[in-house]
Amino acid sequence: LFCSLLETRNVETAIITTPGHIYAAFNTKAPASAIREFSPDKGMVLLQDDSVWIPVEVTMLDGNSTFLEAWTRGSELWKANEKTRAFYRTRAAQEVYGPVVLEEKDLGLQYGNEDRIAAAFKQDRDKLGDVVLKSLAADAEKSRSKADYNRLGMLSAQLGRLKEAEDAFGRALK
């Protein structure tokens, strides 16, 4: 379901299988060279066809765990099952296996609180931003490279952290 929902928004997804388990991954469409923009820990992401993919243990997205916890667990499963895992792109699977038609009453869904979901997303985004920006800032401080400060400034701006972006660009200019 998670993969199908993302696919409806044109986000490429995959189904990962391990013995007795299944979970999901989605394509960020970022090139492998951008891996550090997602996590300083390269083991947190998957590289498929020169794209950065995020593995997610979707059973943890039940309101009791954060997205980052589900992402971390997905990457742990990927690493732990190196010899027995399989990676299937959802679109290719959907070409082989047609959709199952369900009505809403068949699903038994309970919808979450929109404000709580948005707040949890913002919290996870900010937490991840802290980790990634801290790593990029350390690299820039160490190298004193204009390119590293510019990279830090660009990502800070993309995350809406304009003061941090301004500081990074100022250091690049110095």
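Cut-offs and rules
Residues numbered from 1 in each chain as written. Predicted model: local features only at pLDDT ≥ 70, side-chain atom pairs only at ≥ 80, totals over all residues. Heavy atoms only, no water. Helix = DSSP H or I, 4+ residues; strand = E, 2+ residues; numbered from the N terminus. Contact = heavy atoms within 4.5 Å. Pairing = 2+ DSSP bridges. Axes fitted to C-alpha atoms, helices over the stretch in contact; angles between N-to-C directions. Core = buried A, V, L, I, M, F, W, Y, C linked by side-chain atoms within 4.5 Å. Buried < 20%, exposed > 50% of the residue type's maximum accessible area, 1.4 Å probe, protein only. Expected span 1.5 Å × (residues − 1).

*Asks:* Summarise the environment of Leu 159; cite the residues concerned and give the values.
*Replies:* In this fold, Leu 159 is placed in the loop between helix H6 (146-158) and helix H7 (162-173). Between the alpha carbons of Leu 159 and Asp 130 there is a distance of 10.0 Å; along the sequence they are 29 residues apart. Excluding residues within four positions of it along the chain, Leu 159 makes contact with Gly 129 and Leu 133.

*Asks:* I'd like a rundown of the sheet that holds strand E5 (residues 86-89), residues and numbers included.
*Replies:* The strand order across the open sheet formed by five strands is E3-E4-E2-E1-E5, and the pairing between neighbours is antiparallel. Each having just a single partner strand, strand E3 (46-48) and E5 make up the two edges of the open sheet. Sheet twist, expressed as the average angle between the axes of neighbouring strands with direction ignored, equals 35°. Sheet analysis places strand E1 (residues 13-18) next to strand E2 (residues 21-31), joined by six bridges and oriented antiparallel. From the neighbouring strand, Ile 16 faces E2, where its bridge partner is Tyr 23.

*Asks:* Go over the pairing of E2, please, and point to the residues and values.
*Replies:* Counted between consecutive antiparallel strands, the loop separating E1 from E2 contains two residues, among which Gly 20 sits at a positive phi close to 75°. Direction of pairing for E2 relative to strand E4 (residues 51-56): antiparallel, over a ladder of five bridges. Following the sheet pairing, Asn 27 is matched in E4 by Trp 53.

*Asks:* Break down the nonpolar core for me, citing the residues and quoting the values.
*Replies:* Core analysis: the biggest nonpolar cluster contains 13 residues, and Ala 30, Phe 38, Val 45, Val 52, Ile 54, Val 56 and Trp 71 have the highest contact counts within it. For this core, the elements supplying multiple residues, two or more each, are E2, E4 and helix H2 (67-80). Core analysis: the next-biggest nonpolar cluster, separate from the first, contains eight residues, Ala 25, Leu 46, Leu 77 and Trp 78 among them.

*Asks:* Now, about unusual backbone geometry: what can you tell me, with residues and values included?
*Replies:* Its identity is not glycine, yet Asn 10 carries a phi of approximately 60°, on the positive side. Along the chain, Asn 10 turns up in the loop between helix H1 (2-8) and E1. According to the relative accessible area criterion, Asn 10 is exposed, its value standing at 58%. The backbone of Arg 144 shows a phi angle near 55°, a positive value even though the residue is not glycine. Exposure remark for Arg 144: the relative accessible area of 56% places this residue in the exposed category.

*Asks:* I'd like a description of helix H5 (residues 114-143), backed by residues and values.
*Replies:* The first and last C-alpha atoms of H5 sit 43 Å apart over 30 residues, in line with the 44 Å expected at 1.5 Å per residue. Every buried residue of H5 is listed here: Asp 124, Gly 129, Val 132, Leu 133, Ser 135, Leu 136 and Ala 140. Tucked into the core, H5 has its buried residues touching H2, H6 and H7. Among the residues trailing H5, Arg 144 stands out with phi positive, at a value near 55°.

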